[in-house]
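Geometric and topological summary
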Amino acid sequence: MKKIIHIDMDAFYASVEIRENPALRGKPVIVGGDPHSRGVVSTCSYEARKFGIHSGMAASIAFRRCPDAIFLRPNFALYKEASRKIRSIFLDYTDLVEPLSLDEAYLDVTINKRGIPYATRTAREIKKRIFQETGGLTASAGVSYNMFLAKIASDMQKPDGLTVITPEDAPGILRKLPIGKFYGVGKVTEKFMIEHGIRNGADLLRLSKEELICTFGKTGEYYYNVVRGMDDREITPEREAKSLGTESTFQQDITDMPELVSFLRQQAVEVAADLQKHSLKGKTITLKVKFFDFRTITRSRTIAEYTNDPEQINLVARELLLKTEAEKIPVRLIGVTVSNFYDPEPGESGGMIQPEFDFGEEL
Ligand code: TTP
Ligand code: MG
């Protein structure tokens, strides 16, 4: 039997914002668009959820429900940074990691790199490391014997939950599960199903495979199986990255060159470790610097030999840094990326795929 963990960060964007500004802790915090125009809520803290506020809602409605809430615009670079950290933690346990979004991933830990015999213990350790290594963000974990059930489990005791669904538990949980909570059932399908008397797993169980296929096509077969706790999907690891990098936004802009140089060294060490973890070597080293006024520059150099050596990456990145105006202009963010990988089987890996934690879409 497989051992699958699903990890989902709690109130992700909002939690990152609260970490950045601890004065927000305990308050209703809403991340999204402008409440006084046509903005939409991306997410909100659990305190805001008590007012009936949720993702996807018009921010103006959220404002009416809780005028005292703190409304923030999203800061994607920060979320990507946290996402990159959690993914690197996952890879310490298994290469079979399938991210669903910035804050969510499936892990197959049937065989895990640390030799931990229990998936539950692995999940507990991952949660703890996420907390420690992202500056106090919490995640909820679900543990089960397939992807469908692991995802249901992670949602059962949010926030900061750890839920296991065993083969014995599964039938009872699935019978009670509201139809909208079945992964793959979106708002439209949910409405359709409820209109046809399918409100939960128990209702779904009454339908034959033929009826379901007739109504929903191939998805019907999926519904038939998952409501019986059957899901034989395999975890598909992230498509091969074409670059690996890291970046840090500083709490306060930095003007001191030695301090920047020392940050850069840390980043070179991190990137090198990531490359080694993936058994990759690259030839092009790119430095990214964002100044206090958000002006962003990137500088690259391609070296003669493929490398994943922290010293060599650091050396090149530092030379690139010394040629920038970083000494004169306060720096808000720096990052190092290595690309141009050695590819033993050219053609295997498809086109240019930029991982999400590569350069952000910010200015
Ligand atoms: P979710 O995991 O769905 O939500 P969440 O992490 O904020 O809260 P929780 O998991 O504790 O219920 O989504 C992850 C992030 O994706 C979320 O923080 C913001 C973003 N998001 C949107 O921008 N729009 C949306 O409609 C949703 C659902 C999420
Ligand atoms: Mg989440």
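What counts as what
- Residues numbered from 1 in each chain as written.
- Chains lettered and ligands numbered in written order.
- Predicted model: local features only at pLDDT ≥ 70, side-chain atom pairs only at ≥ 80, totals over all residues.
- Heavy atoms only, no water.
- Donors = N, O, S within 2.8 Å, 3.2 Å for Na, K, Ca; no water.
- Tetrahedral: all angles 85-135°; square planar, octahedral: opposite > 155°, others 65-115°.
- Helix = DSSP H or I, 4+ residues; strand = E, 2+ residues; numbered from the N terminus.
- Buried < 20%, exposed > 50% of the residue type's maximum accessible area, 1.4 Å probe, protein only.
- Domains from an automatic or database assignment.
- Contact = heavy atoms within 4.5 Å.
- Buried area = accessible area lost by both parts, 1.4 Å probe.
- Salt bridge = Lys/Arg side-chain N within 4 Å of Asp/Glu carboxyl O.
- pLDDT = per-residue confidence, 0-100.
- Pairing = 2+ DSSP bridges.
- Axes fitted to C-alpha atoms, helices over the stretch in contact; angles between N-to-C directions.
- 1 Å grid on protein atoms, 1.4 Å probe; cavity = no way out; pocket = protein on both sides within 12 Å on 5 of 7 lines; lining within 4 Å.
- Points joined across faces, edges and corners; volume = space filled by probe spheres on them.
- Nonpolar A, V, L, I, M, F, W, Y, C, P; charged D, E, K, R; others polar.

Working reference: metal with six octahedral donors, ideal angles 90 or 180 degrees; metal with four tetrahedral donors, ideal angle 109.5 degrees. Surrounding the magnesium ion (ligand 2) are the protein donor atoms Asp-8 (OD), Met-9 (O) and Asp-103 (OD), which sit 1.9 to 2.2 Å from the metal. If you look at the magnesium ion (ligand 2), its six donor atoms make angles of 82 to 177° with each other, and the shape they trace is octahedral. Look at where the donors of the magnesium ion (ligand 2) fall in the sequence and you get D-M-x93-D. In this pair, Met-9 is assigned in strand β1 (residues 4-9) and Asp-103 in the loop between β5 (97-101) and β6 (104-108), connecting sequence segments 94 residues apart. Note on Met-9: relative accessible area 1%, which makes it buried.

With domains assigned, the protein is organised as domain 1 (1-165), domain 2 (168-232) and domain 3 (244-353). Once you take the C-alpha centre of each, domain 1 and domain 3 turn out to be 27 Å apart. In this assembly, 10 residues from domain 1 lie in contact with 11 residues from domain 3. The junction of domain 1 with domain 3 conceals about 810 Å² of combined surface from both sides, 35% of it contributed by carbon and sulfur atoms. Area buried by domain 1 at its contact with domain 3 is led by Glu-81, Arg-84 and Leu-91, which between them contribute 53% of it. Counting the contacts that link domain 1 with domain 3 gives two salt bridges.

Across the protein, pLDDT averages 90, with 93% of residues at or above 70. Confidence drops under pLDDT 50 across residues 344-363; counting only partners more than four residues distant or on other chains, this segment forms 41 contacts.

An order of β9-β12-β10-β11 is seen for the four strands of this open sheet, with the pairing classed as antiparallel. Since the sheet does not close on itself, it has two edges, and those belong to β9 (243-254) and β11 (296-307), each with one partner. Each adjacent strand pair in this sheet contributes to an overall mean axis angle of 15°, direction not counted. Both strand β10 (residues 282-291) and strand β12 (residues 331-341) contribute to a ladder of nine bridges, which runs antiparallel.

Turning our eyes to something else, we now look at the layout of surface pockets. In this structure, the largest pocket encloses a volume near 940 Å³. Taken together, 34 residues line the largest pocket, and the ones lying closest to its centre are Asp-8, Ser-55, Lys-151, Asp-155 and Lys-181. Counting residues per element, the ones that place at least two in the lining of the largest pocket are β1, α1 (12-20), β3 (41-44), α2 (46-49), α6 (147-156) and α8 (187-195). Among the elements that line the lining of the largest pocket, the one with the most residues is α6, at five residues. Per-class residue counts for the lining of the largest pocket are 14 nonpolar, 10 polar and 10 charged. Summarising the domain contributions, the lining of the largest pocket has at least three residues from each of domain 1 (1-165) and domain 2 (168-232).

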